[in-house]
Amino acid sequence: MTTTFVVDRRDLRSTRWLDRPASPLADGAVRMRINRFALTSNNVTYAAFGEAMHYWDFFPTGDPATGCIPVWGFADVAESRCHGVKPGERFYGYWPMADEVVLEPARAGAAGFVDAAAHRRELPGIYNHYLRCAADPLYRTEDESMLALLRPLYTTSFLIDDFLADNAWFGAQTLLVSSASSKTAYGLGFCLSQRRGSAPVTSLGLTSAGNVAFTRSLGCWDEVVPYDALDRVPCERPALYVDMSGDAALRAAVHRRWQDRLTYSCSVGGTHWEALGGGKGLPGPRPVLFFAPAQGKKRADEWGAAEFHKRVAASWHAFLSTVSSASSPWLTVVERAGRDAVESTYVALLEGTVPAAEGRVLAVRPAG
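So, how was this worked out
Residues numbered from 1 in each chain as written. Predicted model: local features only at pLDDT ≥ 70, side-chain atom pairs only at ≥ 80, totals over all residues. Heavy atoms only, no water. Salt bridge = Lys/Arg side-chain N within 4 Å of Asp/Glu carboxyl O. Helix = DSSP H or I, 4+ residues; strand = E, 2+ residues; numbered from the N terminus. Contact = heavy atoms within 4.5 Å. Polar contact = N/O pair within 3.5 Å; in protein donor to acceptor, adjacent residues only side chain to side chain. Pairing = 2+ DSSP bridges. Axes fitted to C-alpha atoms, helices over the stretch in contact; angles between N-to-C directions. Parallel < 35°, antiparallel > 145°, perpendicular 65-115°, else oblique. Left-handed = near helix turned anticlockwise from the far one by under 90°. Nonpolar A, V, L, I, M, F, W, Y, C, P; charged D, E, K, R; others polar. Phe/Tyr/Trp six-rings, centres within 6.5 Å; stacked < 30°, edge-to-face > 60°. Buried < 20%, exposed > 50% of the residue type's maximum accessible area, 1.4 Å probe, protein only. Core = buried A, V, L, I, M, F, W, Y, C linked by side-chain atoms within 4.5 Å.

Participant: Tell me about the pattern of salt bridges, and name the residues and values.
Facilitator: A complete count under the given rule lists 28 salt bridges for this structure. Between Arg90 and Glu144 there is a salt bridge, and its shortest N-O distance comes to 2.6 Å. Highlighted residues: Arg90 in strand E6 (residues 90-96) and Glu144 in helix H2 (residues 144-166), separated in sequence by 54 residues. Here the residues in one salt-bridge network are Arg36, Asp76, Arg90, Glu144 and Glu335, joined through shared partners.

Shown next, in the form of structure tokens:
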């Protein structure tokens, strides 16, 4: 029996568990036992943008009214009919919120494989790669939870920072980032902090009043401002906006305050998922959706894949050593298993009640 957590595409608060008999494996397929995945506000963004960005298409439920939210984590090969992928091997990658999934590996090699299922062939390739842990240069057993929680988010952070620098910061001197306490945002904050003294922008993290103290404690933002103090932020210098929240009212407030002094408006996430809205009719530049795989492909083409991965890895290790500092860690991992754990964490993320300093790592079924 395969157990999957599904949500109503039109009402993200409506959820249920889908139990289906496990089907026999076809030639070339593998059955993966999913035993550890992260659930963060990034996954809420996947759900919020599920239609527009085709996130629902990765793990179809068989019912067009429902969707399975993708997650990042680890799984073991439970059964294999694919040459080059052996039972017991462990892989990192993109999974459904389920206890198992059947994949169709192609190009299996030392580093891993690509899922070549027909319904995934037109989807962004970065999500279809599964990394063999035994050959992954970033992998260490003791880092699994941090890898599940932060690796995909930090790659996005790295690529946003690189994209902005690649475009000379769009001529801005102030960089505004909403939802600054979120993991993708503070990953970007870390990247920006590594450029202090060389980049022409001052970073300003916007966050809720309740998260101001935590966000300031990170030390990666030049300034931290609560949302309700936005109208007191000086707006004479040219600025660019990186929107991690998706909050339409906040976006409008930024655009109206900076007007034509806003040089670029970059839409990334949807942590404020109930406040999402478009950007038509706003003063200043039209908001543009950032698509991390496009910047990643650009750099891999320009630098070469090996150099691209080398740079990401070096930046990741520096970030991880900061986040997991013994004296002042940015993140505390909370591990839970079972249906109740998945449901309660998902609801807490929707409600915005998971503490900013906490990361949830889950499994549908308890170990053993």
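Participant: Which residues make up the environment of Trp72, and what are the values?
Facilitator: Looking at where Trp72 falls in the secondary structure, it is placed in strand E5 (residues 70-80). Placed 33 residues apart in sequence, Trp72 and Leu39 show a C-alpha to C-alpha distance of 8.1 Å. Apart from the residues lying within four places of it in its own chain, the contact partners of Trp72 are Phe37, Ala38, Tyr46, Tyr92, Gly93, Tyr94, Trp95, Ile126, Tyr127, Ala148 and Pro152. There is a polar contact of 2.9 Å between the side chain of Trp72 and the side chain of Tyr46.

Participant: Before we move on, can you summarise the sheet that holds strand E4 (residues 66-67) with the specific residues and values?
Facilitator: Within the open sheet, the three strands sit side by side as E2-E1-E4. Their pairing is antiparallel. Bordering the open sheet on either side are strand E2 (11-20) and E4, each of which pairs with just one other strand.

Participant: I'd like to hear about the packing of H2 against helix H7 (residues 305-323), residue by residue, with values.
Facilitator: Between H2 and H7, the least distance of the axes is 10 Å, while the angle of their chain directions is 120°. Considering the angle they form, H2 stands oblique to H7. In terms of crossing hand, the pair formed by H2 and H7 is right-handed. Between H2 and H7, the residues in contact are Met146, Leu147, Leu150, Arg151, Tyr154, Thr155, Phe158 and Leu159 and Phe308, Arg311, Val312, Ser315, Trp316, Phe319, Leu320 and Val323, respectively. For the contact of H2 with H7, the per-class residue count stands at 12 nonpolar, two polar and two charged.

Participant: Go over the packing of aromatic side chains, please, and point to the residues and values.
Facilitator: Here a ring pair, both rings aromatic, is described through the centre-centre distance and the interplanar angle of the planes. With the rule as written, the count across this model stands at 31 aromatic pairs. Centroid distance Trp72 to Tyr94: 4.7 Å. Interplanar angle 50°. Geometry classified as tilted. Here the residue Trp72 occupies a position in strand E5, and Tyr94 occupies one in strand E6, the gap between them amounting to 22 residues. The exposure class assigned to Trp72 is buried, which follows from its relative accessible area of 10%. Look at Tyr94 and you get buried, because its relative accessible area is 0%. A ring pair is formed by Tyr186 and Phe319, whose centres lie 6.4 Å apart and whose planes are at 45°; its orientation type is tilted. Here Phe319 lies in helix H7 and Tyr186 lies in helix H3 (residues 183-193), a separation of 133 residues in the sequence. Classification of Tyr186 as buried rests on a relative accessible area of 0%.

Participant: Explain the side chain of Asp161 to me, using residue names and the numbers behind them.
Facilitator: Relative to the assigned elements, Asp161 resides in helix H2. Of the residues examined, Asp161 reaches a relative accessible area of 5% and is grouped as buried. If near-sequence neighbours (up to four positions away) are discounted, Asp161 is found in contact with Trp169, Leu188, Cys191, Leu192 and Arg195.

Participant: Tell me about the sheet that holds strand E15 (residues 262-267), and please be specific about residues and values.
Facilitator: Spatial strand order, E13-E12-E11-E14-E15-E16: six strands in an open sheet with parallel pairing. Each edge of the sheet is formed by a strand with only one pairing partner; in this case those strands are strand E13 (223-226) and strand E16 (288-289). For E15 and E16, the ladder comprises two bridges, and the chain directions are parallel. Bridge pairing in E16 places Cys266 opposite Val288. Strands in contact with helix H5 (residues 248-258) are strand E11 (174-177), strand E14 (239-243) and E15; relative to E14, the strand with the most contacts, it is inclined by about 175°.

Participant: How would you explain the side chain of Arg120 if you had to name every residue and give the values?
Facilitator: Mapped onto the fold, Arg120 is located in the loop between strand E9 (112-115) and strand E10 (129-132). When near neighbours in sequence (up to four residues on either side) are disregarded, Arg120 contacts Phe58, Phe59, Tyr94, Leu103, Asp115, Tyr127, Asn128 and Tyr130.

Participant: Residues and numbers for unusual backbone geometry, please.
Facilitator: Of note, the phi angle at Arg107 is positive, near 55°, even though the residue is not glycine. Mapped onto the elements of the fold, Arg107 is located in the loop between strand E8 (105-106) and E9.

Participant: Give me the lowdown on the nonpolar core, citing residues and values where you can.
Facilitator: Judged by nonpolar contacts, the single largest core of 100 residues is most densely connected at Trp95 and Val242. Counting residues per element, this core draws most heavily on H2, which supplies 11 residues. Discounting residues that sit within four places of it in the chain, Val242 has contacts with Ile160, Leu164, Leu175, Leu176, Val177, Ser178, Leu188, Cys266 and Val268. Membership of the second largest hydrophobic core comes to 14 residues, among which are Cys235, Tyr241, Trp258 and Leu262.

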